[in-house]
Amino acid sequence: MNRRTLSLLAIVGLTVPVLGGITASQLQAQVGAGPRGDRAEQLIEDLNLTDEQAAQLRTIREGDRDAMRALHDNLRAEREAMHDLMSGTAAEAELRAQHETVQTLHREVADQRFENMLAVRDVLTPEQRTDLAERMEQRRESRRERLQEGFDGHRERRGE
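Below or above, wherever it landed, is the structure these notes cover. Predicted model only: the values in this text are computed from it and were never measured. (Residues numbered from 1 in each chain as written. Predicted model: local features only at pLDDT ≥ 70, side-chain atom pairs only at ≥ 80, totals over all residues. Heavy atoms only, no water.)

1. Considerations on the packing of helix α3 (residues 51-87) against helix α4 (residues 92-123)
Here is the rule: Helix axes use the C-alpha atoms of the stretch in contact, all axes being lines fitted to C-alpha atoms, and the angles between their N-to-C directions lie in the range 0 to 180 degrees. Going along the chain from the N terminus, every DSSP run of H or I of four or more residues is numbered as a helix, and every run of E of two or more is numbered as a strand. For classification, angles of less than 35 degrees are called roughly parallel, those exceeding 145 degrees roughly antiparallel, those between 65 and 115 degrees roughly perpendicular, and all remaining angles oblique. Just so you know the grouping, Ala, Val, Leu, Ile, Met, Phe, Trp, Tyr, Cys and Pro go in nonpolar, Asp, Glu, Lys and Arg go in charged, and all remaining residues, Gly too, go in polar.
Viewed as axis vectors pointing N to C, α3 and α4 meet at an angle of 170°, and their least axial separation amounts to 10 Å. Between α3 and α4, the crossing angle belongs to the class labelled roughly antiparallel. The residue makeup of the contact of α3 with α4, split by class, is 16 nonpolar, nine polar and five charged.

Next comes the structure, spelled out in structure tokens:
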């Protein structure tokens, strides 16, 4: 293998799992799996939702769960196929086609997430929407800080 091919495989090997990890985490949040599902229940309490609103949000989350799980499973399988193609002798056209398949699934996940957000938005009052937006911004900022701390720690370990 030439140096360019090895560099490309190294970049893809390092980048795709990181992006995949973020996407998987986001998808878990959407389907309510694990501790993020508990976080959704906490959010229902924190936003002071009525019983009717809470029931509507749970229905939205439950209805979305199977579709998101199927999309996630399909995306994972197509990513694995991409890894196999990259490490093999696949033609460029085949790699481009597989990349498009993965990108299409990413768009489908984003579209499903957007539809879910619209459905949730319809349930909330304007005040609850504002409160939710503030909480989401706090979570994003916290995530950014943790990522930066991890990056800084990695750089320190490398002696940069």
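After that view of the structure, there is still more to cover.
2. Quick look at the nonpolar core
Inclusion rule: Buried residues of nine kinds, namely Ala, Val, Leu, Ile, Met, Phe, Trp, Tyr and Cys, make up a nonpolar core once their side-chain atoms join them within 4.5 Å. Only protein chains enter the area calculation, which uses a 1.4 Å probe; residues under 20% of their type maximum are buried, those over 50% are exposed, and those in between are partly exposed. Two residues form a contact once any of their heavy atoms are found within 4.5 Å.
In terms of nonpolar packing, the biggest core is built from 10 residues, these being I44, L47, L49, A54, L57, I60, V120, V123, L124 and L132. Counting only elements with at least two residues in this core, the list comes to α3 and α4. Ranked by residue count, the leading element in this core is α3, at three residues. Setting aside chain neighbours within four positions, we find V120 in contact with L57 and I60. Among the nonpolar cores identified, the runner-up in size contains six residues, and M68, L75, V102 and V109 belong to it.

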